[in-house]
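Topology and contacts: notes
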Amino acid sequence: MIPRELRLPPEHLFPPDEWRLVERGFSNRWMGNAETIFALGNGFLGMRGTFEEGRPAIEPGTFVNGFHETWPIVHAEEAYGFARTGQTIVNCPDATLLKLYVDDEPLFLPTARLIDYERSLDFREGVLRRTLTWSTPSGKHVRLKTSRLVSFVHRPLGAISYELEVNADAPVVVSSQLLNRQDARADDEPSTNNGADPRRARGFGHRVLNSKGIAEDGHRIVNGYRTTNSRMTLGVGVDHVMETDNPWRAQRSSSDDLGKIVFTVDARAGVPIRITKFLTYHSSRNVPAMELVDRGWRTLDRAMTEGYGALEAAQRDFLTDYWERSDVQVEGPPRVQQAIRWNIYQLAQASARAETTGIPAKGLSGQAYEGHYFWDTEVYVTPFLTYTEPRVTRNLLRFRHSMLPLARERARELSEDGALFPWRTINGEEASSYYAAGTAQYHIDADISHAIRHYVNVRGEKHLLKEVGAEILVETARMWVGLGFFSPEDDAFHIHGVTGPDEYTTVVNDNAFTNMMARANLRYAAEAVLWLKEEEPDTYAALEHATGLASEEVERWQRAADAMYVPYDAERGIHPQDANFLEKERWDFQNTPSDRYPLLLHFHPLVIYRHQVIKQADVVLAMVLLGDEFSLEQKRRNFDYYDPLTTGDSSLSACVQSILAAEVGYERKALEYFQYALLMDLADVAGNVVDGVHVASVGGVWMTLVYGFGGLRDYNGELSFDPRLPRPWDRLRFPLRFHDRKLLIDLTHDTFTFTMVEGAKDLTIDVRGTEVVLREGEPVELPASVGTTPAPLLASEDA
């Protein structure tokens, strides 16, 4: 993997703190990064970490998961079956604005004289706080304290507490605004993206949000909107509570794009002013905008009744429970623990209330990747959720099931049977305009099936399988049987014309990852259907009716799986990434300057495609997800071959490489790649943190800690551990939920301790080949030398 620059801000600005992200001074240089890393969200509603003053701002944004505009994808050269409908998440009206004027002077941080300043995000509170003292041009000191939250408990609700005090009498104005920043752009106005980076969101050439009505009263304004093309509706509103002993008055005004409550205060020295602002957002695909206005009105009524303090208390209670289920503790460098908790906190912000949607690639922290849902969710995020909050995994897989009708249509369009899920989407339609690195990634079907199987195995019950899982398995298995073919030359089952996870090698034959994942998909589909037929005949009958399932289909799935061709080069002892990968010329890494990465921004795709060069882990990912199908020696040989070819141009790669490096004994590389994943956003490893959090990478951080260094494996629903605690760390500790039991794993260099904290029945696990029986409340302590010898730390990793 190509070494990456770590753009860490200096410690005096961002000091280590195990439970908080802290900024000790305002800096123009780090402002764009800070908008992302201080963003707030709950999986439904997200707000970037911009200042209440509104200026300065690099990429201000407020997003509602799934609320999008559509637009026609225009291809320079048309062809049958190309994606037609683009979808982009909408930057919603901004309700965070509270503009401050003292003596008619605005607070503007780049030019303000600040006596002190601190901004912090406490992962235990879920509140973004800021304190500062501003010395105005007239010499008065203004003490400002702000607190902002997006509620985990109340899905459509956010709130801001805004407190200030002046040390001398002064006129104070606070202009609270609800601003619709339109995404329309004149034809001759350049886009901030300008097509240079395909990862960033496009601008719209038309007005997106159209006002359908306003309701207002007192200090409350609620607007209703409908998008121009997708016809989705939005209700967004604000209300306020003013608390001060100073004389004050308020003036309300509103229009389609701007609502304002302007508070004018005759401030006296030392007399505090506190404004509480409640914010609400509701969206729908089919409910009229004014009905959403009514919903928003009721939400604000409840918030005003309960008050801001109750919201903060509920936030703390939610996060106390979250950290009890999710906290990973490392005794090592302080910044490591801080960064781990920041990453795990991002998983809560991206997923906690994603209840009828997917999880966008950037969560709700930015507009990049158009707010689309990818395979990231099933492969990189659901492992964490399944072990800590399975309710969310279940909701995500039910959401995938809701896309099944469109997935069936897409399969027909591509002349396939069954269902083909979209590579990237919001509304269920394929939105990838570049089929070679998009639609051709048929492995999305197997990724979803893998997530279903993992959920069922970890939960130890099959309710999801009966509800929605089996139907997905049937349709995806049908797709694979239709897509592949039996070759008369070797009687093997081959899959041609697909793209694996590595997007630098496209439309190939027999991609190893795809074939192995398809095989697992086919086998699990057959297993699930046969189980239903035997154990749940009524459910099986309903499945037959819904899918037209014929008994002979299961035999075809099993035959295809048993005959699946998996490339293998006996001479090298490795699995070729695809049938022809080893025939290509190796990329000239030595003469590629560091500023030419990522390659996708500097080389034509055809140049990249004709070389052995890898954007992200492909065969290596197969060895993580399907590790029981490889020997340790095969894993090491494959890793040794593919690691030098991997650029790491994708944020999804470092975590996977770290897991495999740890397993085969390459501790230095495991730690190096873990550092890249851990600091992907905090140190701007990919150079684009301003665009939003890399959610798959933060999920990968948890996977690296638990699967990589913790050595967890869960093949076929059996729990095993082969820990790989790095030498620079003294302890690794994490909780899990498995088969409805709560476990606590505590690893040191001397002992491994396994505790069943809750669980009515005993649980048998495997620790390096040694069988261990866990009983509730009885910790089992083993020497770190237990069982089989782990893979040795190999000097050859430096080769």
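Notes on the structure follow. In every chain, residue numbers begin from 1 and rise along the written sequence. With the structure being a predicted model, the display of local features is reserved for residues of pLDDT at least 70 and the display and counting of side-chain atom pairs for 80 or more, all residues being used for whole-chain, interface and lining totals. Working from all heavy atoms in the structure, the side-chain values ignore hydrogens and water.

Thoughts on the packing of helix H4 (residues 334–351) against helix H17 (residues 667–678)
In a packed pair of helices, the relevant descriptors are the angle between the two axes and the axis-to-axis distance. Throughout, an axis means a line fitted to C-alpha atoms (over the contacting stretch in the case of helices), and angles, computed between N-to-C directions, take values from 0 to 180 degrees. Each helix is a run of DSSP H or I of at least 4 residues and each strand a run of E of at least 2, with the numbering of both proceeding from the N terminus. One way to put it is that H4 packs onto H17 with a least axis distance of 10 Å and a crossing angle of 55°. Put simply, H4 runs oblique to H17. Along its contact with H4, which presents Val 336, Ala 339, Ile 340 and Asn 343, the element H17 presents Phe 674, Ala 677 and Leu 678. Residue composition of the contact of H4 with H17, by class: six nonpolar, one polar and no charged. Roughly parallel means an angle under 35 degrees; roughly antiparallel means over 145; roughly perpendicular covers 65 to 115; every other angle is labelled oblique. Contact between two residues is taken to exist if any of their heavy atoms lie within 4.5 Å; hydrogens are not considered. The residue classification treats Ala, Val, Leu, Ile, Met, Phe, Trp, Tyr, Cys and Pro as nonpolar and Asp, Glu, Lys and Arg as charged. All others, Gly included, are polar.

Side note on the packing of aromatic side chains
Two aromatic rings, drawn from Phe, Tyr or Trp (for Trp, its six-membered ring), form a pair once their centres lie within 6.5 Å of each other, and the interplanar angle then sorts them: stacked below 30 degrees, edge-to-face above 60, tilted otherwise. Taken as a whole and assessed by the stated rule, the structure comprises 28 aromatic pairs. Judged by centre distance (6.4 Å) and plane angle (65°), the rings of Tyr 322 and Phe 384 are edge-to-face. Here Tyr 322 is found in helix H3 (residues 308–326), whereas its partner Phe 384 is found in helix H5 (residues 376–388), with 62 residues between them in sequence. We note that Tyr 322, like Phe 384, is buried. Ring-pair connections join several aromatic residues into one group, and the members of that group are Trp 19, Tyr 322, Trp 323, Phe 384, Tyr 387, Trp 702 and Tyr 707. Charge-over-ring placement is defined geometrically: NZ (Lys) or CZ (Arg) within 6 Å of the ring centre, and within 35 degrees of the ring normal. A cation over an aromatic ring shows up here: Arg 220 above the ring of Trp 297, its NZ or CZ 4.6 Å from the ring centre. Any residue under 20% of the maximum accessible area for its type is buried, any over 50% is exposed, and the rest in between are partly exposed; the area is computed with a 1.4 Å probe on protein chains only.

Quick word on the packing of helix H10 (residues 512–535) against helix H11 (residues 537–547)
H11 packs onto H10 with a crossing angle of 125° between their chain directions and a minimal axis gap of 6 Å. With respect to H11, the element H10 is oriented oblique. On H11, the residues touching Val 529, Leu 532, Lys 533, Glu 534 and Glu 535 of H10 are Pro 537, Thr 539, Tyr 540 and Leu 543. The class makeup of the residues in the contact of H10 with H11 is five nonpolar, one polar and three charged.

Focus: the sheet that holds strand S32 (residues 780–783)
In spatial order, the strands read S20-S27-S28-S29-S32; together these five strands make up an open sheet with antiparallel pairing. The open sheet has two edge strands, strand S20 (329–331) and S32, and neither has a second partner. Adjacent strand axes in the sheet meet at a mean angle of 15°, parallel and antiparallel pairs treated alike. Here, any two strands with at least 2 DSSP bridges between them count as paired. Where strand S29 (residues 751–758) lies against S32, four bridges are found, and the strand directions are antiparallel. Its bridge partner lying in S32, Thr 753 is registered against Glu 781.

Structural notes on helix H16 (residues 654–664)
Summarising burial for H16: eleven of the eleven residues are buried, a large majority. Within H16 the residues assigned to the buried category are Ala 654, Cys 655, Val 656, Gln 657, Ser 658, Ile 659, Leu 660, Ala 661, Ala 662, Glu 663 and Val 664. Positive backbone phi, at 95°, marks Gly 665, one or two positions downstream of H16.

Digging into the pairing of S29
Sheet topology note: the strand S28 (residues 741–748)/S29 ladder contains six bridges and is antiparallel. Among the inter-strand pairings, Leu 743 is bridged to a residue of S29, identified as Met 756.

So, the side chain of Asn 521
Of note, Asn 521 is situated in helix H10. A relative accessible area of 3% means that Asn 521 is categorised as buried. Beyond its immediate stretch of four places on either side in the chain, Asn 521 contacts Asp 445, Ala 446, Ser 449, Leu 473, Thr 476, Ala 477 and Trp 480.

Honestly, that's just the spatial picture; any functional story needs more than this.
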